[in-house]
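Below, each chain spelled out in residue letters.
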Amino acid sequence: MLLRILLGGARLVLVPRGGGVSPSQQCLRWCRPPQARTQHSAVSEVASHSKLAVPPIPNAVRDRTVGRWLLICSGTVAGAVVLGGITRLTESGLSMVDWHLVREMKPPQTQQEWEAEFQKYQQFPEFKILNHDMTLTEFKFIWYMEYSHRMWGRLVGLAYIIPAAYFWRKGYLNRSLKSRVLALCGLVCFQGLLGWYMVKSGLEEKTDSHDIPRVSQYRLAAHLGSALVLYCSSLWTGLSLLLPQHKLPETHQLLRLRRFTYGTAGLVFLTAISGAFVAGLDAGLVYNSFPKMGERWIPDDLLAFSPRLKNFFENPTTVQFDHRILGISSVTAITGLYLLSRKIPLPRRTRMAVASLLAVAYLQVGLGISTLLLYVPTPLAATHQSGSLILLSVALWLIHELRRIPK
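1. Description of the overall build of the chain
Line of reasoning, step 1. Looking only at helices and strands, the chain has 13 helices and two strands in total.
Line of reasoning, step 2. Looking at the chain residue by residue over its 407 residues, the buried ones come to 41%.
Line of reasoning, step 3. Counted over contacts in the chain with a minimum sequence separation of 6, partners at least 24 positions apart contribute 76%.
Line of reasoning, step 4. When the accessible surface of the chain is summed, it comes to about 23400 Å², and 64% of that surface belongs to carbon and sulfur atoms.

Listed below in structure tokens is the structure:
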């Protein structure tokens, strides 16, 4: 009886010797009652179905998780932009003269390795023309600045690609999100290649020029522009997943405000790109006075290059003049946007976005003027560059607050 209980209702049947049974048929047989077999098969079937059936992920949980991830990614891109600006201001971007995806992740360890790295740098124009009296200790500083920027770029790539693969496999991404995430990951890879393409322009020998070696301002602007596109796309998608939309009445005034906001955000973006040309040409050191440029409102050498279109991209005077005009235009447009928004009933969060945009805009103008008057000190210039990113972020937030709810 005890054995039967332990065996869960199974019966042990002993087949006796003899009785016409051959030795090969002598065995111990386990017999389970039909009812027990039926119950066991039913339990097994339920267990197998429970293992195969994965409960669907709620949309709210999915959106919240992916949205937070994209906001973190946009934060890493912002860090790369700020670090890149500091690298440019400290003139460290040309210290690493080659590019390897994995091998360069390990910095020089011994004195011999540092001397070999320094000797490679000495073969390029920046050392020969600008830093011919640089010591190894000074070289280590600029090398580590560029190294930090490159390693941060790799961190950005990992922050996008690894979680994207995980969310894709776990079913967190719908069809629309899959296409966006693929585009973002592709843009990250393109950004890395564009960065090296930019650095190469500063390592080339230019026999027809005695100017200070620097990267191409065109490639610098493209590198910054693609980083801003990556940042804005990630931030916009993250906000779309995390912040609920307002049900605003589609009035004529609201439509006008929405269009005005689009134009203002585009002006802010264009001003940030023009800052890349200012940095690439060191145009912030040409006229260090405000509001006039020297003794004149319009300097004499504004259109000194021929053809005239070339001045807007290669003449430091014209580039600084353009950046001033764009900055003043941006803060004027933002002021008008604020005044227009006061006439329209808006939700509290939207009003907060408008007020924040106005405050950051005036702070950014103050930083820009101070940077100019003090001959571009690195801490202040880096803060001004970071301010442009904050201003663009708040403008994007306001656009998100005013967006139309799809029907």
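2. Describing the packing of helix H3 (residues 59–89) against helix H8 (residues 217–242)
Line of reasoning, step 1. At a minimum axis separation of 8 Å, H3 and H8 run at an interaxial angle of 155°. In terms of orientation, H3 lies roughly antiparallel with respect to H8. The element H3 and its partner H8 pack so that their crossing is left-handed. On H8, the residues that touch Asp 63, Arg 64, Val 66, Gly 67, Arg 68, Leu 70, Leu 71, Ser 74, Val 77, Ala 78, Val 81 and Arg 88 of H3 are Leu 220, Leu 224, Ala 227, Leu 230, Tyr 231, Ser 234, Leu 235, Thr 237, Gly 238, Leu 239, Leu 241 and Leu 242.

3. Considerations on the nonpolar core
Line of reasoning, step 1. Ranked by internal contacts, the top residues of the largest apolar core, which has 84 residues, are Val 66, Trp 69, Tyr 121, Phe 139, Tyr 160 and Leu 357.
Line of reasoning, step 2. Among the elements that make up this core, the one with the highest residue count is helix H6 (residues 136–170) (eleven residues).
Line of reasoning, step 3. If we skip the residues at most four places from it in the chain, Val 66 touches Tyr 172, Leu 173, Leu 177 and Leu 241.

4. Here we look at H8
Line of reasoning, step 1. A rise of 1.5 Å per residue sets the reference length of H8, with its 26 residues, at 38 Å; its end C-alpha atoms lie 37 Å apart and thus fit the reference within 8%.
Line of reasoning, step 2. The element H8 is extensively covered by neighbouring structure, given that 19 of its 26 residues are classed as buried.

5. Overview of the confidence of the model for the chain
Line of reasoning, step 1. Residues with a pLDDT of 70 or more make up 84% of the chain, whose mean pLDDT is 87.
Line of reasoning, step 2. Here residues 1–54 is modelled with pLDDT under 50, and outside its nearest four sequence neighbours on either side it reaches 23 contacts, counting other chains as well.

6. Looking at helix H9 (residues 252–280)
Line of reasoning, step 1. Over its 29 residues, H9 extends 43 Å from the first C-alpha to the last, a length consistent with the 42 Å expected when each residue adds 1.5 Å.
Line of reasoning, step 2. Once H9 finishes, Asp 282 follows within two positions and takes phi at roughly 55°, a positive value.

7. Considerations on the environment of His 384
Line of reasoning, step 1. Along the chain, His 384 turns up in helix H13 (residues 378–402).
Line of reasoning, step 2. With 21 residues separating them along the chain, His 384 and Leu 363 place their C-alpha atoms 9.1 Å apart.
Line of reasoning, step 3. Beyond its immediate sequence surroundings of up to four residues, His 384 is in contact with His 323, Gln 364, Leu 367, Gly 368 and Thr 371.

8. So, the packing of aromatic side chains
Line of reasoning, step 1. In the structure shown here, the tally under the stated rule is 17 aromatic pairs.
Line of reasoning, step 2. For the ring pair Phe 118 and Phe 127, a centre distance of 5.9 Å and an interplane angle of 90° mean the geometry is edge-to-face. You'll find Phe 118 and Phe 127 in the same group, each marked buried.
Line of reasoning, step 3. With centroids separated by 5.1 Å and ring planes inclined at 15°, the aromatic side chains of Trp 143 and Tyr 147 adopt a geometry described as stacked. Within this pair, Trp 143 and its partner Tyr 147 are both found in helix H6, separated by four residues, close to a single helical turn. In this structure, Trp 143 and Tyr 147 share a single accessibility class: buried.
Line of reasoning, step 4. Taken together through their ring pairs, the aromatic side chains of Trp 114, Phe 118, Tyr 121, Phe 127, Phe 139, Trp 143, Tyr 144 and Tyr 147 make up a single cluster.

9. Quick notes on a nonpolar patch on the surface
Line of reasoning, step 1. Taken together, the side chains of Tyr 218, Leu 303, Leu 309, Phe 312 and Phe 313 define a hydrophobic patch exposed on the protein surface, amounting to about 460 Å² of accessible area.
Line of reasoning, step 2. Topologically, Leu 303 is positioned in the loop between H9 and helix H10 (311–314).

10. Focus on the pattern of salt bridges
Line of reasoning, step 1. Tallying each qualifying case throughout the model produces eleven salt bridges.
Line of reasoning, step 2. Between Arg 214 and Asp 282 there is a salt bridge, with the nearest N and O atoms lying 2.9 Å from each other. Highlighted residues: Arg 214 in the loop between helix H7 (175–203) and H8 and Asp 282 in the loop between H9 and H10, separated in sequence by 68 residues.
Line of reasoning, step 3. Judged by its relative accessible area of 27%, Asp 282 is partly exposed.

11. Let's talk about unusual backbone geometry
Generally, phi is negative for residues other than glycine and the peptide bonds are trans, each holding for most cases.
Line of reasoning, step 1. Going from Phe 290 to Pro 291, the amide bond is cis rather than trans, its omega being 5°.
Line of reasoning, step 2. Here the residue pair Ser 306 and Pro 307 is connected by a cis peptide bond, since its omega of 0° sits within 30 degrees of zero.
Line of reasoning, step 3. Along the polypeptide, Pro 307 turns up in the loop between H9 and H10.
Line of reasoning, step 4. You will see that Tyr 375, though not glycine, has its phi angle at about 65°, which is positive.
Line of reasoning, step 5. Tracing the backbone shows Tyr 375 in the loop between helix H12 (348–373) and H13.
Line of reasoning, step 6. We classify Tyr 375 as exposed; its relative accessible area is 55%.
Line of reasoning, step 7. Positive phi outside glycine occurs at Val 376, with the angle close to 55°.

12. A look at the side chain of Ser 95
Line of reasoning, step 1. Structurally, Ser 95 is set in the loop between H3 and helix H4 (111–121).
Line of reasoning, step 2. A distance of 2.8 Å separates a polar side-chain atom of Ser 95 from the backbone oxygen of Ser 92.
Line of reasoning, step 3. A polar side-chain atom of Ser 95 sits 3.0 Å from the main-chain carbonyl oxygen of Ile 142.
Line of reasoning, step 4. The residues contacting Ser 95, other than those within four sequence positions of it, are Tyr 121, Phe 139, Ile 142, Trp 143 and Glu 146.

13. What to know about the environment of Ala 355
Line of reasoning, step 1. Mapped onto the fold, Ala 355 is located in helix H12.
Line of reasoning, step 2. Taking C-alpha positions, Ala 355 is 10.0 Å from Leu 337, a pair spaced 18 residues apart along the chain.

The rules we used
Residues numbered from 1 in each chain as written. Predicted model: local features only at pLDDT ≥ 70, side-chain atom pairs only at ≥ 80, totals over all residues. Heavy atoms only, no water. Helix = DSSP H or I, 4+ residues; strand = E, 2+ residues; numbered from the N terminus. Buried < 20%, exposed > 50% of the residue type's maximum accessible area, 1.4 Å probe, protein only. Contact = heavy atoms within 4.5 Å. Areas by Shrake-Rupley, 256 points an atom, 1.4 Å probe, with all protein chains shown as cover. Axes fitted to C-alpha atoms, helices over the stretch in contact; angles between N-to-C directions. Parallel < 35°, antiparallel > 145°, perpendicular 65-115°, else oblique. Left-handed = near helix turned anticlockwise from the far one by under 90°. Core = buried A, V, L, I, M, F, W, Y, C linked by side-chain atoms within 4.5 Å. Expected span 1.5 Å × (residues − 1). pLDDT = per-residue confidence, 0-100. Phe/Tyr/Trp six-rings, centres within 6.5 Å; stacked < 30°, edge-to-face > 60°. Patch = residues over 30% accessible without salt bridge, like charges linked within 9 Å, V, L, I, M, F, W, Y side chains within 5 Å. Salt bridge = Lys/Arg side-chain N within 4 Å of Asp/Glu carboxyl O. Polar contact = N/O pair within 3.5 Å; in protein donor to acceptor, adjacent residues only side chain to side chain.

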